[in-house]
Amino acid sequence: MVQASVESQTVNQWITVCQLEQILPNSGVCALVADKQIAVFRTAEGIYAIDNYDPFSKSYVLSRGIVGDQNGVPKVASPIYKQNFNLQTGECFDDPTVQLPVYPVRVADGQVQIGIA
Amino acid sequence: MAKKNLVVVGNGMVGHKFLQKSIEIGATQDWNLITFCEEPRVAYDRVNLSGYFSGQSAEDLSLVEPGFYDQHGVKVYLGDKAAKIDRAAKKVISAQGEEVEFDRLVIATGSYPFVPPIAGKDTEGTFVYRTIEDLQAMSAYAEQAKIGVVVGGGLLGLECANALKNMGLKTHVVEFAPRLMPLQVDDLGGNILKDQIQSLGVTVHTGKSTTEIVSVGGRVQKMVFADGSELFTDMIVFSAGIRPRDEIAKDCGLTVGDRGGIVINEQCQTSDPHVYAIGECALHEGKIYGLVAPGYTMATIAAEQICGDGNSTFGGADMSTKLKLMGVDVASFGDAFGQTPGAKVLGITDAIKGTYKKLVVDGSGKHLLGGMLVGDASAYGNLLQISQNQIVLPPNPEDLILPARSGTSNSMGVDSFPDSAQICSCNNVTKGDICAAIQADNITDIGTLKKCTTAGTGCGGCVPLVTDLLKLEMKKAGLEVKNNLCEHFDYSRQELYSLVRLEKTMTFADLLAKHGKGQGCEICKPAIGSILASAWNEQILNPAHVTLQDTNDAFLANIQKDGTYSVIPRIPGGEITPAALIAIGEVARDFGLYTKITGGQRIDLLGARVDQLPAIWQRLIAAGLESGHAYGKALRTVKSCVGSTWCRFGVQDSTTLAILLEQRYRGLRAPHKFKSAVSGCTRECAEAQSKDFGIIATEHGWNLYVCGNGGMKPQHAQLLASDLDQEILIKYIDRFLMFYVQTANRLERTATWLNKLEGGMDYLKAVVIDDCLGIADRLEAEMAHQVATYQCEWQNTLADPQKLARFNHFVNSPEPDPSLLRVEERGQARPPYAHEREVLMAIQNR
């Protein structure tokens, strides 16, 4: 599986949050890692981790959005007001001034892991 | 030959644009580019400064690509201000003592915010709104503030008020003029704008002159106005206009205007031909341009004058603008105030909808000179075209700003524009350019068209016009204008429904593989999830379907603004036993839910966390209740009156029929939600004529009305058939609903569907009553399948541990969402508003 591109983040530790099969293909879950809410998505192409916080509704809901793609770029639509976010970069397609944090994530031995510094 | 020095004083938006343009036309061959930048960072997007408060960083706002200046050898004196110009020695001396010689000098020092001379204006807690540093100071101070006041109700002032509001402050705007945005709108427009802004929670004070700012302990406490009134506040932001920064020019003897501004000619040269001035510091024919677009035009012209062929000159700029301020449209164009001799004015004020539209036409009534729009600026693009291209007005120009009369469109339409009409003013693309591109490349979608022509890629305001042009050209070329669902399927909803039925497709994955491309999206997934449910009625939470569902369907509850859900059990016909009422009350009490009676004779339980939903439904189902499908694009309720059972006027038993109908059509997925009601007599207490299908009792049976709705665009239902017995009534409803489910567009409600249906009500009657398509038996059979395979979705889910596993906020912790907070109001719990939330968080963190 491909890993979401995450720039300039050094990972010192990988935290297991769930088994890969706990995430249905083309959907997301929310993981609690070091007091942070992180939305983890599984698509046919890979696994992605972005912030669970939706800045438009100011609520922690992005893991419950519909996963899809826009011109081949994987994305999630917020379940509240439907803004779309790029799963690779955290960028909002509908408002380029908004960018969500992206986190290091990988699948190792069937386990989904989030990297922390 | 040695290179000459081209020095730019000021690295704001316009200064940067000048450097960019110069580099574009090859200036680095002959010139050393040098710039002074007073601020600690290079040029950034000041126009979108408020983006800083919605999560953008200083880097996001930057206009300079990292490495751009290095790459082109531009020398930047960062954090160093040009302090003095020595014109005799042709050099610039910086605040830090650097001396740089110049052959040509460009002054792009911009402007500074005007702070009125009010006593106490420098007290701690007063700010201006200009730089990123200003913003940082404001937001740091706002953390301990509750109330904020913006002085100045112009464009920037209202932007700033929005920023304060977003920071959770109780926000006021104080404007000296008798109305908001005095430069763009007149009194009538200003009043409408004021109402709209106030309805958003910002208090507006117009015609107020501040005389003093009173402080306590050295910090702002209140403002005192000339009329003696006072306003208590924690902080004040001045946004009362701009003044050109011309001191450096004045000091070296360049000509400046009486009221400031460095005088320039049409080549953007100052009184010294080696020195240029551009942007907000420049005064052209007595005018300072406070918008970025004219500044950019000056930058381009100056760059061409100095480094290029010097053919283009500055002849003033159009100040037409369209803005969205706090969600309220404001636009003005051309001679908006009707100052042309002989001009006539035509205006429409709608204080209910909160709109104001005004046209200024010339004496002959043939040409549009200008206008203003408040509250609804959708006509802006069209009107601007008409005025700029001198298109002859229709006989009743008021039609251009009146709401559409039924069935007709008012806009003059792109068809009537000449090829020279500028459609996209951001990128200067004409109608001719767009049409040529469509024809040359056989373009059939708006995305490609935008890419090819750059039309609509700036502010986006012209996209509706560009889309109209595309449709028009396609029609002319004999091409079918497609009604595709989204980028993943080149089919309409109706076509996909037929394909699913015909090919017996059972899953989204199969349909995508056969007829689609890509991975799907939030448009096609729920639409096809709904089609599959309407066709086969498999449980929507089955693994093959669950990821297609919008969150409401995915968690069988309605998501609310804070990410919690509301729960609505079915109460067929609005009839409920005392025991069931008590059970609902007990569940609400035990789970701390907010309860409210809905308009559809049901009870809404709000504030349930995702992890609580299964336990709540366990209890409700144990009490004999079932899912109400309030979360689905499905049947909501069949409302009823008490009918002949109790009412002295009732002629039929409306409650029994309502219960029967609700139980028949419960859970049926459709393109949109749909509602019903049954009234026991012609007094119509159940309001059946406002429903997607409504039934009214007569002496002889039932009258069936269809395609009505309340909501956003109310429409009365129309009579489909009269005096029906129950059997025929149900047959007709079965056929009607299934026909709608098969043929409507995504999210198209029955009323809209009927309005678009060719042949209208007569055709619908022919299909439903006379079976003119010969599909009545099939429609009835399909409905029978739906009725026979109905299951309560919650009962099904509770019996399946795999489905229940999703009902947790965290995949790796049983904790609920820690961000959820509640406050009590009138004895119930509700989510806090932003300002309450901050207080609660502060208490939590203590």
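This is a predicted model, so every value here is computed, not measured.

Asker: Explain the overall build of chain A here, please?
Answerer: Looking only at helices and strands, chain A features zero helices and twelve strands. Going from N to C terminus, chain A has its helices and strands arranged as β-β-β-β-β-β-β-β-β-β-β-β. What you see for chain A is a C-alpha radius of gyration of 13 Å, in line with the 13 Å of a compact globule of 117 residues. Over its C-alpha atoms, taken along the principal directions, chain A stretches across nearly 35 × 25 × 25 Å. In chain A, buried positions account for 52% of the 117 residues. Restricting to contacts in chain A with at least 6 residues of sequence separation, those with at least 24 account for 46%. Of the roughly 5000 Å² that chain A leaves accessible, carbon and sulfur atoms contribute 45%. Side chains of chain A carry 7 positive and 11 negative charges; the gap between the two charge centres is 6 Å.

Asker: Sorry, what's going on with the side chain of E473(B) here?
Answerer: Secondary-structure assignment places E473(B) in helix 12 (residues 463-476). The buried category is assigned to E473(B), whose relative accessible area is 9%.

Asker: Would you take a moment to explain the confidence of the model for chain A for this structure?
Answerer: Low pLDDT marks regions whose predicted coordinates should not be analysed in detail. On average, residues of chain A score 90 in pLDDT, and 92% of them reach the 70 mark or higher. For residues 1-5 of chain A, every residue scores under 50 in pLDDT, and the model assigns this stretch 16 contacts once sequence neighbours within four places are set aside.

Asker: Could you clarify how one ought to interpret the interface of chain B and chain A in this entry?
Answerer: Frequently, the measure chosen for interface size is the accessible area removed from exposure when the parts meet. On the chain A side, the residues contacting the 34 residues of chain B number 35 residues. Of the roughly 2700 Å² buried where chain B meets chain A, counting both sides, 54% is carbon and sulfur surface. On the chain B side of the interface with chain A, the three residues burying the most area are Q519(B), E522(B) and V811(B), jointly 23% of the side's total. Linking chain B with chain A are two salt bridges, by the criterion used here. Here E522(B) and K75(A) are joined by a salt bridge, their closest N and O atoms 2.9 Å apart. At the boundary of chain B and chain A, one finds 14 residue pairs in polar contact (both at pLDDT 80 or more). A per-class count over the side of chain B that touches chain A returns eleven nonpolar, 15 polar and eight charged.

Asker: Please clarify how the sheet that holds strand 31 (residues 603-608) of chain B should be interpreted in this entry.
Answerer: Across a sheet, paired strands are connected by hydrogen bonds in the backbone, their directions being either parallel or antiparallel. All names here are of chain B. As summarised here, the arrangement of the four strands in space is 28-29-31-30, forming an open sheet in which the pairing is antiparallel. This sheet does not close on itself; its edge strands, each paired only once, are strand 28 (558-559) and strand 30 (594-597). Along the sheet, helix 19 (residues 613-622) contacts strand 29 (565-567) and strand 31; its crossing angle with strand 29, the most-contacted strand, is approximately 5°.

Asker: Any chance you could explain the nonpolar core here in plain terms?
Answerer: Across soluble globular proteins, you tend to see nonpolar side chains buried next to one another. Residue and element names in this part refer to chain B. Counting residues in each nonpolar core, the largest one holds 60 residues, and the members touching the most others are L661, F693, I695, L704 and L764. Sorting elements by how many residues they give to this core places helix 22 (residues 726-743) first, with ten residues. Ignoring sequence-local partners within four residues, the contact set of L704 consists of F693, G694, I695, Q718, L719, L720, A721, L724, L729, Y732 and I733. I34, A43, A299 and F314 belong to the second largest nonpolar core, which has 50 residues in total.

Asker: Explanation requested: the domain arrangement of chain B in the structure shown.
Answerer: All names here are of chain B. Assigned domains within chain B: domain 1 (4-112 + 244-307), domain 2 (115-240) and domain 3 (646-667 + 676-791). A C-alpha centroid distance of 30 Å is found between domain 1 and domain 2. Of the residues lining the interface, 15 residues belong to domain 1; the matching set on domain 2 comes to 13 residues. Summing both sides of the interface, domain 1 and domain 2 together bury roughly 1300 Å²; the carbon and sulfur share of this comes to 61%. Counting the surface domain 1 buries against domain 2, the share from its top three residues, L49, Y52 and F53, is 46%.

Asker: Which parts of the structure should I look at to understand the pattern of salt bridges?
Answerer: Where charged atoms from two side chains of opposite charge come close, those side chains can pair. Residue and element names in this part refer to chain B. Taken as a whole, this structure holds 40 salt bridges over all chains when the rule is applied. As a salt-bridge pair, R822 and D562 come within 2.9 Å of each other at their nearest N and O atoms. Placement of the pair is R822 in the loop between helix 27 (801-804) and strand 37 (823-825) and D562 in the loop between strand 28 and strand 29, with a sequence separation of 260 residues. The exposure class assigned to R822 is partly exposed, which follows from its relative accessible area of 31%. A salt bridge links E780 to R735, with the nearest nitrogen and oxygen atoms 2.7 Å apart. Here the residue E780 occupies a position in helix 25 (residues 776-788), and R735 occupies one in helix 22, the gap between them amounting to 45 residues.

Asker: Sorry if this is basic, but what is going on with the packing of aromatic side chains here?
Answerer: Two descriptors summarise a pair of aromatic rings, namely the distance from one centre to the other and the angle between the planes of the rings. Under the definition given, this model contains 17 aromatic pairs over all chains. Measuring from centroid to centroid gives 6.1 Å for F56(A) and F85(A), while their planes differ by 45°, and the two rings are tilted. Note that F56(A) is positioned in the loop between strand 6 (53-54) and strand 7 (59-60) and F85(A) in strand 10 (residues 84-86), a separation of 29 residues in sequence. Residue class for F85(A) comes out buried when judged on its relative accessible area of 0%. When the centroid spacing of 5.7 Å and the interplanar angle of 15° are considered together, the rings of W617(B) and W794(B) count as stacked. You can see W617(B) sitting in helix 19 and its partner W794(B) sitting in helix 26 (residues 793-798), a full 177 residues away along the chain. Given the relative accessible area of 1%, W617(B) is considered buried. Here W794(B) falls in the buried class, since its relative accessible area comes to 0%. Linked through ring pairs, F555(B), Y565(B), W617(B), W794(B) and F807(B) together constitute an aromatic cluster. For the cation-ring pair, R243(B) lies above F114(B), with the distance from its terminal atom to the ring centre recorded as 4.0 Å. Against the face of F555(B) rests R806(B), its NZ or CZ located 4.6 Å from the ring centre.

Asker: Help me understand the packing of helix 18 (residues 578-591) of chain B against helix 19 of chain B in this model?
Answerer: For any two helices packed against each other, the geometry is given by the interaxial angle and the distance between the axes. Residue and element names in this part refer to chain B. Look at helix 18 against helix 19: their axes get within 10 Å of each other, and the N-to-C directions meet at 160°. When the interaxial angle is binned, helix 18 and helix 19 end up roughly antiparallel. In the crossing of helix 18 with helix 19, the sense of the turn from one axis to the other is right-handed. When helix 18 is examined against helix 19, the residues I584, E586, V587, D590 and F591 are found in contact with a partner set consisting of A615, I616, R619 and L620. By residue class, the composition of the contact of helix 18 with helix 19 is six nonpolar, no polar and three charged.

Asker: For this particular structure, what's the right way to read the sheet that holds strand 10 (residues 147-151) of chain B?
Answerer: Residue and element names in this part refer to chain B. Read across the open sheet, the five strands follow the order 9-16-10-11-12; overall the sheet is parallel. The open sheet is flanked by strand 9 (126-128) and strand 12 (203-205), the only strands paired with a single partner. Taken over all neighbouring pairs, the strand axes of this sheet differ in orientation by 20° on average, direction set aside. Pairing of strand 9 with strand 16 (residues 235-238), which is carried by three bridges, proceeds in the parallel orientation. Bridging from a neighbouring strand, T126 pairs with I236 of strand 16. Seen against the sheet, helix 5 (residues 155-166) touches strand 10, strand 11 (170-174) and strand 16 and runs at an angle of roughly 170° to strand 10.

Quick notes on the rules
Residues numbered from 1 in each chain as written. Chains lettered and ligands numbered in written order. Predicted model: local features only at pLDDT ≥ 70, side-chain atom pairs only at ≥ 80, totals over all residues. Heavy atoms only, no water. Helix = DSSP H or I, 4+ residues; strand = E, 2+ residues; numbered from the N terminus. Rg over C-alpha atoms; globule rule 2.2 N^0.38 Å. Buried < 20%, exposed > 50% of the residue type's maximum accessible area, 1.4 Å probe, protein only. Contact = heavy atoms within 4.5 Å. Areas by Shrake-Rupley, 256 points an atom, 1.4 Å probe, with all protein chains shown as cover. Lys, Arg positive; Asp, Glu negative; His and termini not counted. Charge placed at Lys NZ, Arg CZ, Asp CG, Glu CD. pLDDT = per-residue confidence, 0-100. Buried area = accessible area lost by both parts, 1.4 Å probe. Salt bridge = Lys/Arg side-chain N within 4 Å of Asp/Glu carboxyl O. Polar contact = N/O pair within 3.5 Å; in protein donor to acceptor, adjacent residues only side chain to side chain. Nonpolar A, V, L, I, M, F, W, Y, C, P; charged D, E, K, R; others polar. Pairing = 2+ DSSP bridges. Axes fitted to C-alpha atoms, helices over the stretch in contact; angles between N-to-C directions. Core = buried A, V, L, I, M, F, W, Y, C linked by side-chain atoms within 4.5 Å. Domains from an automatic or database assignment. Phe/Tyr/Trp six-rings, centres within 6.5 Å; stacked < 30°, edge-to-face > 60°. Lys NZ or Arg CZ within 6 Å of the ring centre and 35° of its normal. Parallel < 35°, antiparallel > 145°, perpendicular 65-115°, else oblique. Left-handed = near helix turned anticlockwise from the far one by under 90°.

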